[in-house]
Amino acid sequence: MLNMADGLARLGALAENPVVATLSRAFADAGFELAIVGGPVRDALLGRVTHDLDFTTDARPDDILRIVTPISTAQWDIGRAFGTIGARVQGEQVEITTYRADSYDGVTRKPVVEFGDSIEGDLLRRDFTVNAMALRVPDIKLVDPAGGVEDLLAGTLRTPIDPEVSFGDDPLRMLRAARFSAQLGFGVEEATERAIEKLRGTLSIVSPERIQGELVRLMQTDDPVRGIRVLVETGLIEEFLPEVSALRLEVDEHHHHKDVYEHSLTVVRQAIELEHRRNPGAAPDVPLRLAALLHDIGKPRTRKLEPGGGVTFHHHDVVGGRMARKRMQALRFDGETTDAVAKLIELHLRFFGYAEGAWTDSAVRRYVRDAGDLLERLHILVRADVTTRNRRKAARLAAAYDDIERRIVELREQEELDSIRPELDGNRIQEILGIPPGREVGEAYRFLLDLRLDEGVIGPDAAEQRLREWWAARG
């Protein structure tokens, strides 16, 4: 619950920050206004950690650069066309932007940049009221033209102006509603939600890269599930990630199966809990969280209703991996992230064969080899995928996975499991068989790798003998 007295005290402390004090004096001495704006003000009122400092001013870009140059160690004007000058002041990076009064053409989302003369006008063009507050410095005056404080108290996300106009200006703000809902734990105001439902199709004019950026920020929050629900309930997710809403499979009275959508959201939450427990203090693992969200997207496409009321989803892991790869490529994710998510989905069912009966050492080696550097993420995803309410079954699966992790540790200590390779390299293969580089060397290498995975370390002499026998058998 927001305590205004404490919040105002935190605003006072923010104004006394050495970086803020240095800048406010410099702008006041030059005859210009300066205010901290947006997220830092919101977070100070909420008692949350304040990160980057953003400022707004009536000074034009040339004046901003002139004012900050003597008090900063570096300056950059990459955003000059939009009124923004960056600087490093007392070791901290800040951005200062001239008041804006932009207009939009409603087609390309590109604003016609216009500088404004009032802070109130600048604030009203921002995305949500809770982000449309400013703290004037050095006089420490809160500027809140749209009722952001009241919405903070109510835990509500609302646009400063008519939501249809706001989202028409920048459709990406609809996606930000989901992200801030997750980040702040706020609900979306009813009129704002209706506007998202009505205008969701306008997201098509936003670049995939910008949509991807907001999706990543959503998945980095402590509880992305809240934001995912906003996206699904408003239908906005249909515009860029329809595979998630497709998880809400219809269940008829004759064929019963787990609610795949709710199961997937539970897996996301459990994966995040395990992520924090196993890797405390680490940055949010976006590829892992995306894999958790998307791990069952192959089920709608592979569902088969069986006689007697059963339902099967054969090969949904492989199908889902392909679907995830295609969708992530469309959203312009980088290759490393795309490969990680797709591979985790492809591998997420492999363990359940172990739960049916203990694997040989060979099978454990192959599990590690196939997971590669994704092994820790795979551990988390597989454990998170157990959402059964049957305590005995859950305990059995947890014990089975404890066992496989224990065996991996033992084999790793014995065999350098993380760097499994044949005991003879390509050069030695060519010497033994008397063949030049080419396809046959690769086939021999794969034979020796399979031998290593199946039987462990047998020594180079034994490996050479087995290689000669394999070669002779080939004729």
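Refer to the structure above for everything that follows.
Within each chain, residue numbers correspond to sequence positions counted from 1 in written order. Restriction of local features to residues with pLDDT of at least 70 applies here, the model being predicted, together with a cutoff of 80 or more for giving and counting side-chain atom pairs; totals for whole chains, interfaces and linings are based on all residues. With hydrogens and water set aside, each side-chain value is computed from the structure's full complement of heavy atoms.

A. Quick look at the overall build of the protein chain. Along the protein chain, the regular secondary structure elements total 24 helices and 13 strands. Think of it in three bands: residues with accessible area under 20% of the maximum for their type are buried, residues over 50% are exposed, and the middle band is partly exposed, with areas taken using a 1.4 Å probe on protein chains only. Looking at the 475 residues of the protein chain, the share that counts as buried comes to 50%. A contact between two residues is defined here by any heavy atoms of the two lying within 4.5 Å. Here the analysis covers contacts within the protein chain between residues at least 6 apart in sequence; of these, 66% occur between residues at least 24 apart. Only the protein chains shown count as cover for residues, and all accessible areas are computed by the Shrake-Rupley method using a 1.4 Å probe. Accessible area for the protein chain stands at about 22500 Å²; split by element, carbon and sulfur atoms hold 48% of it. This count recognises Lys and Arg as positive and Asp and Glu as negative, with His and chain-terminal groups excluded. By convention, the point assigned to a charge is CZ for Arg, NZ for Lys, CD for Glu and CG for Asp. Side-chain charges of the protein chain comprise 64 positive and 80 negative groups, with the mean position of each set lying 3 Å from the other. Helix and strand assignments come from DSSP, with helices taken as H or I runs of at least 4 residues and strands as E runs of at least 2, each series counted from the N terminus.

B. Representation of the pattern of salt bridges. One side-chain nitrogen of Lys or Arg within 4 Å of one carboxyl oxygen of Asp or Glu is enough to make a salt bridge. By the definition in use, this model includes 40 salt bridges. Residue R66 is joined to D63 by a salt bridge in which the shortest nitrogen-to-oxygen separation is 3.2 Å. Of the two residues, R66 and D63 are both situated in helix α4 (residues 61–68); the distance of three residues between them amounts to about one turn of the helix. A relative accessible area of 49% places R66 in the partly exposed class. R327 is paired through a salt bridge with E243; the nearest N and O atoms lie 3.0 Å apart. Pair noted here: R327 is in helix α16 (residues 316–330) and E243 is in helix α12 (residues 242–245), with a separation of 84 residues, a long-range link. Residue R327 is classed as partly exposed on the basis of its relative accessible area, which comes to 23%. Each of D170, R176, R179, R210, E214 and R217 takes part in one network of salt bridges that share partners.

C. View of helix α10 (residues 208–219). An expected span of 1.5 Å times one less than the residue number is assigned to each helix. For α10, spanning 12 residues, the distance from its first C-alpha to its last is 16 Å, which sits close to the expected 16 Å at 1.5 Å a residue. Looking only at α10, the buried set comprises I211, Q212, G213, E214, L215, V216, L218 and M219. Those residues of α10 that are buried are in contact with α8 (172–184), α11 (224–234) and α14 (286–294).

D. Region of interest: the packing of α8 against α11. Lines fitted to the C-alpha atoms define the axes, with helices restricted to the stretch that makes contact. Angles between their N-to-C directions range from 0 to 180 degrees. Contact geometry of α8 with α11 gives a least axis separation of 7 Å together with a crossing angle of 150°. In terms of orientation, α8 and α11 fall into the roughly antiparallel class. The two elements α8 and α11 cross, and the hand of that crossing is right-handed. Across the interface between the two elements, L175, A178, S181 and A182 of α8 pack against P224, R226, G227, V230 and L231 of α11. Every angle not falling under 35 degrees, over 145, or within 65 to 115 is termed oblique; those three ranges are roughly parallel, roughly antiparallel and roughly perpendicular. Two helices that cross are described as forming a left-handed crossing if the nearer one is turned anticlockwise from the farther one by less than a right angle, and a right-handed crossing if clockwise.

E. How the structure looks around the pairing of strand β2 (residues 53–57). Of all five residues in β2, four are buried, a share of seventy percent or more. Any two strands between which DSSP finds at least two bridges are classified as paired. With three bridges connecting them, strand β1 (residues 34–37) and β2 associate as antiparallel partners. Within β2, the residue paired with I36 across the bridge is F55. Bridge count for β2 against strand β5 (residues 92–98) is five bridges, and the pairing is parallel. When the bridges of β5 are listed, F55 appears paired with I96.

F. Geometry of the nonpolar core. Core analysis: the largest hydrophobic core is formed by 111 residues, its most contacted members being L23, F240 and Y367. Look past the residues within four positions of Y367 in its chain and what remains in contact with it is R350, F351, W359, L375, L378, V382, Y401, I404 and I408. As used here, the term nonpolar core means buried Ala, Val, Leu, Ile, Met, Phe, Trp, Tyr and Cys residues forming a set that is joined through side-chain atoms within 4.5 Å. Membership of the second largest hydrophobic core comes to 12 residues, among which are I432, I435, A444 and L448.

G. Layout of the packing of helix α17 (residues 335–347) against helix α20 (residues 375–384). For the pair α17 and α20, interaxial distance at closest approach is 10 Å and the crossing angle is 50°. The angle between α17 and α20 falls in the class oblique. Considering how the two elements wind past one another, α17 and α20 form a crossing that is right-handed. When α17 is examined against α20, the residues A340, L344 and L347 are found in contact with a partner set consisting of R377, L378 and L381. Residues are sorted three ways: Asp, Glu, Lys and Arg are charged, Ala, Val, Leu, Ile, Met, Phe, Trp, Tyr, Cys and Pro are nonpolar, and all the rest, Gly among them, are polar. When the residues that make up the contact of α17 with α20 are grouped by side-chain class, the tally is five nonpolar, no polar and one charged.

H. Structural context of the packing of aromatic side chains. Each pair of aromatic rings taken from Phe, Tyr and Trp, with Trp reduced to its six-membered ring, is defined by centres within 6.5 Å and is described as stacked if the planes are under 30 degrees apart, edge-to-face if over 60, and tilted in the remaining cases. Applying the stated criterion across every chain, the model contains four aromatic pairs. With a centroid separation of 5.1 Å and 15° between ring planes, the pair formed by F447 and W470 is classed as stacked. Residue F447 is located in helix α23 (residues 439–455), and its partner W470 is located in helix α24 (residues 460–474); the two are separated by 23 residues in the primary sequence. Members of the aromatic cluster, each reached through a chain of ring pairs, are F447, W470 and W471. By the criterion adopted, a ring carries a charge over it if an Arg CZ or a Lys NZ lies within 6 Å of its centre and within 35 degrees of its normal. Over the face of the ring belonging to F313 we find K299, whose NZ or CZ atom lies 4.9 Å from the ring centre.

I. View of helix α13 (residues 260–278). The first and last C-alpha atoms of α13 sit 26 Å apart over 19 residues, in line with the 27 Å expected at 1.5 Å per residue. Considered for burial, the residues of α13 that qualify are V260, Y261, H263, S264, L265, V267, V268, A271, I272, L274 and E275. Considering only its buried residues, α13 is in contact with α11, α12, α14, α15 (299–302) and α20. Pairs of N or O atoms within 3.5 Å make up the polar contacts considered here, provided that, within protein, one atom can donate a hydrogen while the other can accept it, and that residues adjacent in sequence are counted only when both atoms are side-chain atoms. The N-terminus of α13 is capped by D259, whose side-chain oxygen sits 3.1 Å from the backbone nitrogen of Y261.

J. Highlighting the sheet that holds strand β4 (residues 84–89). A sheet is described by the order of its strands in space; here seven strands give the open sequence β3-β4-β5-β2-β1-β8-β9, paired in mixed fashion. Looking at the sheet topology across the chains shown, the edges are occupied by β3 (74–76) and β9 (141–143). Neighbour to neighbour, the strand axes of the sheet diverge by 30° on average, direction disregarded. In the packing of helix α3 (residues 39–46) onto the sheet, the strands contacted are β1, β2, β8 (134–137) and β9, and the crossing angle to β1 comes to about 65°.

K. Structural context of the pairing of β4. Judged by how many residues are buried, β4 sits mostly within the fold: five of six residues are covered. Direction of pairing for β3 relative to β4: antiparallel, over a ladder of three bridges. Counterpart to Q75 in the pairing with β4 is A87. Bridging between β4 and β5 involves six bridges; their strand directions are antiparallel. Directly across from R88, in β5, lies its bridge partner Q93. As consecutive antiparallel partners, β4 and β5 are separated by two residues, and within that stretch Q90 has a phi angle of approximately 50°, a positive value.

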